[in-house]
Amino acid sequence: MKFLSTRFLAGLFLALLSCNNKENQIKPQVDAVEKFCIVIHGGAGTILKENMTDSLEAEYNRVLDLAVSKGYEILKNGGNSLDAVTQTIMILEDSPLFNAGKGAVFTNEGKNELDASIMDGKSKAAGAVASVTKVKNPITLARAIMEVSEHVMMVGPGAEKFAEQNGVELVDPNYFYTVKRWEGLEKAKDREKTELDHAAAMHYDPMIKDQKFGTVGCVALDKNGNIAAGTSTGGMTNKRYGRVGDAPIIGAGTYADNATCGVSATGWGEFFIRNVVAYDISAQMQYKKVSLAEAAKETIQKKVPEMGGDGGIIAIDKDGNIIMEFNTAGMYRASIDKSGIKTIAIYK
């Protein structure tokens, strides 16, 4: 009887130990499945409540809600972060409210020149496009460059030829025309100075007095732990000489690394390029072992302003923490965090 009891107790102990081991093996997988989130921006600048009509504010909130909800739904249904970023940015590009796609500003020559980039944090693959005039959704071309070609960046007519050969939707350049943006160009020409859509002293958009419009972007973390980031812009009002800002520059306007974070930037492009803003935030996390919040604050509140620039970033780290850091009066932004909580904001 004593022998049987000992065997019974030993068997019971082993069974309990086995159960505990199984629980330890399963739990991290369950946690990983639940950890997905998304964040978007529609530009940073002098965005003041007193200069915004109720109806226009409501329309911004509606489009931001529509875009972030679209991306989140893709992630919730098991879709990957690249699809979430692409389709979310397409919604922002299709809205005339933002300086990307349909709402792009005009160059000095009266053209709409579009830039975009996207990056996969898992493979470090990236695609970028600059100075295209016929691509309906530049973010789709950036992704095609990443996935179909051996290159990272294409520009101008060559990029458009590649788009045509690979089924990327093209439109007549008149598609991008909006009255408000054309009026903005005429006012800029009257002042005879290049007008940067993120510089308060240089840009006055007729839609909102003393307003700065800018880049759109998205960062997403999917259920498999993969981060993707993308950015799209119409660039600078009244720009000359084929100027290109930070939006299509991998490491400046866009960066993603599963080991650290994904970042999309919006700001005075020249300063974001010179500070390599998106990569700088990731590098601080990797080498200094600081948090995403600390790295973003160091770059946006210290490094960029010290050089004379302004703007902001959105970012998500590998653990699903979301940061929306900016040094301007406002930034169009929205997020749905890993708990499913939605945030939509415009002002500081």
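In this report, the structure presented in the accompanying data block is examined.

What counts and how
- Residues take numbers from 1 onward in each chain, read along the sequence in its written order.
- Confidence filtering applies because this is a predicted model: local features only for residues at pLDDT of at least 70, side-chain atom pairs given and counted only at 80 or more, and all residues used for totals across whole chains, interfaces and linings.
- Side-chain descriptors were evaluated using all non-hydrogen atoms of the structure, hydrogens and water having been removed beforehand.
- Remark: exposure states derive from per-residue accessible area (1.4 Å probe, protein chains only) relative to the maximum for the residue type, with buried under 20%, exposed over 50%, and partly exposed in between.
- Only DSSP runs of H or I covering at least 4 residues are called helices, and only runs of E covering at least 2 are called strands; the numbering of each starts at the N terminus.
- At least two DSSP bridges between two strands are needed for those strands to be called paired.
- Helix span, as expected, comes to 1.5 Å for every residue beyond the first.
- A contact between two residues is defined here by any heavy atoms of the two lying within 4.5 Å.
- Pairing of aromatic side chains requires ring centres within 6.5 Å, counting the rings of Phe and Tyr and the six-membered ring of Trp. Pairs whose planes differ by under 30 degrees are stacked, by over 60 edge-to-face, and all others tilted.

A word on the pairing of strand β8 (residues 261-267)
Working step 1: Summarising burial for β8: seven of the seven residues are buried, a large majority.
Working step 2: Because side chains alternate across β8, one face comprises the buried residues Cys261, Val263, Ala265 and Gly267, and the other comprises Gly262, Ser264 and Thr266, equally buried.
Working step 3: Relative to β8, strand β7 (residues 254-256) is paired through three bridges, and the arrangement is antiparallel. Considered in β8, the bridge of Tyr255 is made with Val263.
Working step 4: With antiparallel pairing between neighbouring strands as the criterion, β7 and β8 make up a hairpin whose turn holds four residues.
Working step 5: Note: β8 against strand β9 (residues 311-317), seven bridges, orientation antiparallel.

Considerations on helix α8 (residues 277-288)
Working step 1: A rise of 1.5 Å per residue sets the reference length of α8, with its twelve residues, at 16 Å; its end C-alpha atoms lie 16 Å apart and thus fit the reference within 8%.
Working step 2: Those residues of α8 lying buried are Val277, Ala278, Asp280, Ile281, Ser282, Ala283, Gln284 and Met285.
Working step 3: Where the residues of α8 are buried, they touch β7, β8, α7 (269-274), α9 (292-307) and β9.
Working step 4: Residue Lys289 follows α8 closely and has a positive phi angle near 60°.

What to know about the packing of aromatic side chains
Working step 1: All told, the structure shown has ten aromatic pairs when counted by the stated rule.
Working step 2: Judged by centre distance (5.0 Å) and plane angle (90°), the rings of Phe106 and Trp182 are edge-to-face. Here Phe106 is found in the loop between α3 (81-93) and β2 (114-120), whereas its partner Trp182 is found in helix α6 (residues 179-191), with 76 residues between them in sequence.
Working step 3: Overall, Phe106 belongs to the buried group, its relative accessible area being 3%.
Working step 4: Residue classification places Trp182 among the partly exposed residues on the basis of a relative accessible area of 28%.
Working step 5: Centre to centre, the rings of Tyr255 and Tyr279 are 5.1 Å apart; their planes meet at 80°, and the pair counts as edge-to-face. Of the two residues, Tyr255 sits in strand β7 while Tyr279 sits in helix α8, which places them 24 residues apart along the sequence.
Working step 6: The partly exposed category is assigned to Tyr279, whose relative accessible area is 30%.
Working step 7: An aromatic cluster of at least three residues, connected via ring pairs, comprises Tyr60, Phe98 and Tyr332.

Such coordinate-based values are descriptive only and should not be taken to indicate function.
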